[in-house]
Amino acid sequence: MTDIAEKLFPNLLTFLVQLAATGIIYLLYRKYVHEHVMNYLDTRAEELNKAQLYAEEVEQEAEEKSQSLKTEHKQKVEQLRKQQEMMQREAEQERENIIKRAEEEREALLSQAQNQIEKDRALMLQEVEDHVLEIAVNVTERTLENYRYDDEEVFQVLESELEQVNNETH
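What this report covers is the structure whose coordinates are included nearby. Computed from a prediction, not measured in an experiment: that's the story for all the values here. (Residues numbered from 1 in each chain as written. Predicted model: local features only at pLDDT ≥ 70, side-chain atom pairs only at ≥ 80, totals over all residues. Heavy atoms only, no water.)

## Some remarks on the environment of alanine 51
Residue placement: alanine 51 occurs in helix α2 (residues 12–144). The spatial distance from the C-alpha of alanine 51 to the C-alpha of lysine 74 is 34 Å, given a sequence separation of 23 residues. (Helix = DSSP H or I, 4+ residues; strand = E, 2+ residues; numbered from the N terminus.)

## Focus on the pattern of salt bridges
Considering all chains together, one arrives at 8 salt bridges under this definition. Among the salt bridges present, the one from arginine 121 reaches glutamate 118, with a minimum N-O distance of 3.8 Å. You can see arginine 121 and its partner glutamate 118 sitting in helix α2, 3 residues apart, about one turn around the helix. In the salt-bridge network here, residues are joined through shared partners; they are Glu78, Arg81 and Glu85. (Salt bridge = Lys/Arg side-chain N within 4 Å of Asp/Glu carboxyl O.)

## Side note on a negative patch on the surface
A grouping of Glu56, Glu57, Glu59, Glu61, Glu63 and Glu64 is seen on the molecular surface, where their side chains present a negatively charged patch. By the secondary structure assignment, glutamate 57 is in helix α2. Glutamate 57 gets classed as partly exposed once you look at its relative accessible area, which sits at 47%. (Patch = residues over 30% accessible without salt bridge, like charges linked within 9 Å, V, L, I, M, F, W, Y side chains within 5 Å. Areas by Shrake-Rupley, 256 points an atom, 1.4 Å probe, with all protein chains shown as cover. Lys, Arg positive; Asp, Glu negative; His and termini not counted. Charge placed at Lys NZ, Arg CZ, Asp CG, Glu CD. Buried < 20%, exposed > 50% of the residue type's maximum accessible area, 1.4 Å probe, protein only.)

## Overview of a nonpolar patch on the surface
A surface patch of nonpolar side chains, amounting to about 710 Å² of accessible area, comprises Ile24, Tyr26, Leu27, Leu28, Tyr29, Tyr32 and Val33. For valine 33, the position within the fold is in helix α2.

## Some thoughts on helix α3 (residues 151–169)
Helix length check: α3, at 19 residues, gives a terminal C-alpha distance of 27 Å against a target of 27 Å (1.5 Å per residue), a fit within 8%. Along α3, only 0 of the 19 residues are buried, which leaves the element largely exposed. (Expected span 1.5 Å × (residues − 1).)

Below, the structure written as structure tokens:
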């Protein structure tokens, strides 16, 4: 059977040999490798510091650009808003001008149409008067065709008719 104490506690000679081997490895490491490892670690640390500084600079530049872009965006938005307001005012002014011109054209056309109606009405009345007069002359001619009249009698009738017409007009 095996002794449990041997298994639980290490052998002192093995322990010392392991300790001596570790010491030798440590001394070899210190003599030949330690300086190179430290140089490598220092170089890596410097590179990491440079990379971190560069990243911070880039981040700072990005933040500045972001701020400038935000400011520029706000300015552009404000400029667009002002242009939109100006265009709306111009459109409203143009609309009012168009309405005004249309109103003027409507008034002109209405006036022209009324003048034309008055002219047509006057012409029509003149034509009707001429036609009535022509009919009256024809009727009078037919009536008087077989009638014999005296000059004095005709003058008297004409005078009385003229007086009657004058009285009606005044």
